[in-house]
Amino acid sequence: MEATGILKLRVILDKDNAEKLILPSRPNSVQALIDEIKSRLNFTFDFRLQFHDPDFDNALCNLVKIEDLPAIASVKVVRLVELDRISTSTDDTILQTDSTDTIDSPERITGWPEVFIVPPFSYEVEHVLREGNAAFDKDGKVITLTRDQKHNILETMGEEIYKLKAYPSTTQIGKAAEALVRKHPCLKERNSDTGWEGWKNSLRYKMGNQRKKLAKAGIMDVAVNAGKRSRTNPDGASPRANIKRPRRGEVNFLPSYPSGETRESLETRRLEMVEEFKKTSAERDIPLIHQHMMRTFALRREEIVTTSPPVSELKDRWPALFHETQLIGLYKKRKTGRVGERMEQLLLAYGKQDKNDIYATRTAALAGLPMYLKEDSSEIFKTCKDEIEFYEATIALVADVDEEEVPGGVPFSPRQVFIVLEDQVIMTHHSWTDALVCLFGLIYALHLSYPEKCTGFFEFIQVVLLKLDDERKQLKPKLQTLKNELV
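Everything numeric here is computed off the predicted structure, so don't read it as measured data.

Draft legend 1. View of the overall build of the protein chain. Secondary structure summary: the protein chain contains 16 helices and nine strands in total. Carbon and sulfur atoms make up 49% of the accessible area of the protein chain, which totals about 25,800 Å².

Draft legend 2. Molecular detail of the pattern of salt bridges. Counting across every chain of the model gives 16 salt bridges. Two residues, Glu379 and Lys453, come together in a salt bridge whose shortest N-O distance is 3.0 Å. Of the two residues, Glu379 is situated in the loop between helix 13 (358-372) and strand 6 (381-384) and Lys453 in the loop between helix 14 (432-445) and helix 15 (455-465); the sequence distance between them amounts to 74 residues. Given a relative accessible area of 43%, Lys453 falls into the partly exposed group.

Draft legend 3. Just the sheet that holds strand 3 (residues 47-53), in detail. Spatially, five strands are ordered 2-1-5-3-4 in an open sheet, and the strand pairing comes out mixed. The strands lining the two open edges of the sheet, one partner per strand, are strand 2 (17-23) and strand 4 (59-62). Between one strand and the next, the sheet's axes are offset by a mean angle of 35 degrees, whatever the strand orientation. Where strand 3 lies against strand 4, four bridges are found, and the strand directions are antiparallel. When the sheet's bridge partners are listed, Phe51 is paired in strand 4 with Cys61.

Draft legend 4. Representation of the confidence of the model for the protein chain in the model. Summing up the model confidence of the protein chain, the mean pLDDT is 78 and the portion of residues at 70 or higher is 74%. Taken element by element, the predicted model of the protein chain shows its lowest mean pLDDT in helix 11 (residues 328-331) (53) and its highest in helix 2 (residues 123-139) (93). Note on residues 81-106: pLDDT under 50 across the span, and 84 contacts to partners over four residues away in sequence or across chains.

Draft legend 5. Molecular detail of unusual backbone geometry. One non-glycine residue, Asp57, adopts positive backbone phi at about 55 degrees. Here Asp57 is to be found in the loop between strand 3 and strand 4. Of note in this structure, His447 is not a glycine but carries a positive phi near 60 degrees. Position of His447 among the secondary structure elements: in the loop between helix 14 and helix 15. Overall, the relative accessible area of 18% leaves His447 in the buried class.

Draft legend 6. Structural context of the packing of aromatic side chains. Going through the model one piece at a time under the given rule, you end up with six aromatic pairs. Here Phe381 and Trp432 contribute two aromatic rings whose centre-to-centre distance is 5.1 Å and whose plane-to-plane angle is 75 degrees, an arrangement assigned as edge-to-face. A residue pair is termed long-range when its members are at least 10 positions apart, and Phe381 in strand 6 and Trp432 in helix 14 qualify at 51 residues. Measuring from ring centre to ring centre gives 5.5 Å for Phe381 and Phe457, while their planes differ by 80 degrees; the resulting arrangement is edge-to-face. You can see Phe381 sitting in strand 6 and its partner Phe457 sitting in helix 15, a full 76 residues away along the chain. Ring-pair connections join several aromatic residues into one group, and the members of that group are Phe381, Trp432, Phe440, Tyr450, Phe457 and Phe458. A cation sits over an aromatic face here: Lys150 above Trp199, 5.4 Å from the ring centre. The lysine or arginine in question, Arg300, covers the ring of Trp318, its NZ or CZ lying 5.1 Å from the ring centre.

About the thresholds
- Counting restarts for each chain: residues are numbered from 1 in the order of the written sequence.
- Reporting in this predicted model follows two pLDDT cut-offs: at least 70 for local features of residues, and 80 or more for side-chain atom pairs to be given and counted; totals over whole chains, interfaces and linings ignore these cut-offs and use all residues.
- Neither water nor hydrogens contribute to the side-chain values; these are computed over all heavy atoms in the structure.
- Numbering goes from the N terminus for both helices and strands, where a helix is a DSSP run of H or I of at least four residues and a strand is a run of E of at least two.
- Note that accessible areas follow from Shrake-Rupley with a 1.4 Å probe, and for residues the cover is restricted to the protein chains shown.
- Within this document, salt bridges are pairs made up of a side-chain nitrogen of Lys or Arg and a carboxyl oxygen of Asp or Glu, the two lying within 4 Å of each other.
- Residue burial is assigned from relative accessible area. The probe radius is 1.4 Å, only protein chains are included, and a residue is buried under 20% of its type maximum, exposed over 50%, and partly exposed in between.
- Pairing between strands is defined by DSSP: at least two bridges between the two strands are required.
- Helix axes are fitted only over the stretch in contact, all axes being lines through C-alpha atoms; the angle between N-to-C directions runs from 0 to 180 degrees.
- Per-residue confidence from the predictor is reported as pLDDT, a score between 0 and 100.
- Any two residues whose heavy atoms approach within 4.5 Å are treated as being in contact.
- Two aromatic rings from Phe, Tyr or Trp, using only the six-membered ring of Trp, form a pair when their centres are within 6.5 Å; if the ring planes differ by under 30 degrees the pair is stacked, by over 60 it is edge-to-face, and anything between is tilted.
- When the NZ atom of lysine or the CZ atom of arginine is within 6 Å of a ring's centre and also within 35 degrees of its normal, the charge is said to sit over that ring.

See below:
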């Protein structure tokens, strides 16, 4: 079925939140619609869709065929609980990724949306705003709120912002303030260039006060930064020193323990997983490991973020975490100077590969990215001719190859690829691109810094390819240029 007609959707997130989404055309499939919703609303989790079926008095039904969806419809996002994936395969190339979600815990399920949705306020405030908006539409008059009414607006907005992010950027707070005034124009400020600058400043202070209250209540992602210097704690660290917060758009940076769990109960689950990994692959209880990895996510993040243990220690404590479970066209333009010479070698080597081999295409695209960005990847991407257990490198991918020299410096056909962290081989893969994906996931899961000489390479993957952007900083000019060329 071809995509036709405008599609107007009310995307239901939970009982209190829904977003309006208008698509210029109907996607070709349900999966294409899911991908579009993910992209538009910045969702980082997997989900399926239900819709209100007019054939059954608008009762919710699973959306299986895209043609069943009316042109104007409400769809409900049903989150898939498929976290910390561990394959039941016994092959040596199982890909394991650490999740950013946790079960039965009131944590975030989405990143910051493109459009901030202003929540409803108290009955009194909603009445005042409704009357005020009507007067503003008639003669442009703005209203003056009482102290209690303004407090209710700031308190409610602060709670809504915290649902999305504990430490929002100034830009994100500004977007929330702008959305507030756009929805309720009677709140527009007279002596402000934007009309909402004062609301932005008030929300910034409100978020700071809210974090203090939540920290006292023991909410983990803000309590971790408690104990800083204050009147009652003059010897504490600087309030702005070493703030622990998401660096790369993590949704659940430091979640609280799941409902009904304690540190002791989660530690028991961790020890059970350690015992399982002492068994052979065939003997391990994979469903049990899968369940325990989901339940212990909060404990694992707490260890990684607050104590930053060595990778070797993490591997011993969390063995399941380390278990394996269109750029080419631009590169062809870079044919001048030393970068052009290296790119030419890469393209010649790629030209000898099977064009139907998706791994070869991915390898060429990703391996060429540091060259395109003029970054030195020689200390990160290496080759060897024998199996290794140790390699002197903080972070590296070491490809085991047959040839003395690898054409273009790219291992298209390695025997295996070793992932090295802190001088130790942590994992192995048969594919260079799969190994890179695992390395990127481990950098996230272990809260590691990007390699200094390849920050642009990893930031491009994070912000442009994976769209994991916390909006705290702009892309470097060369990354923004590449992004613009790809659009």
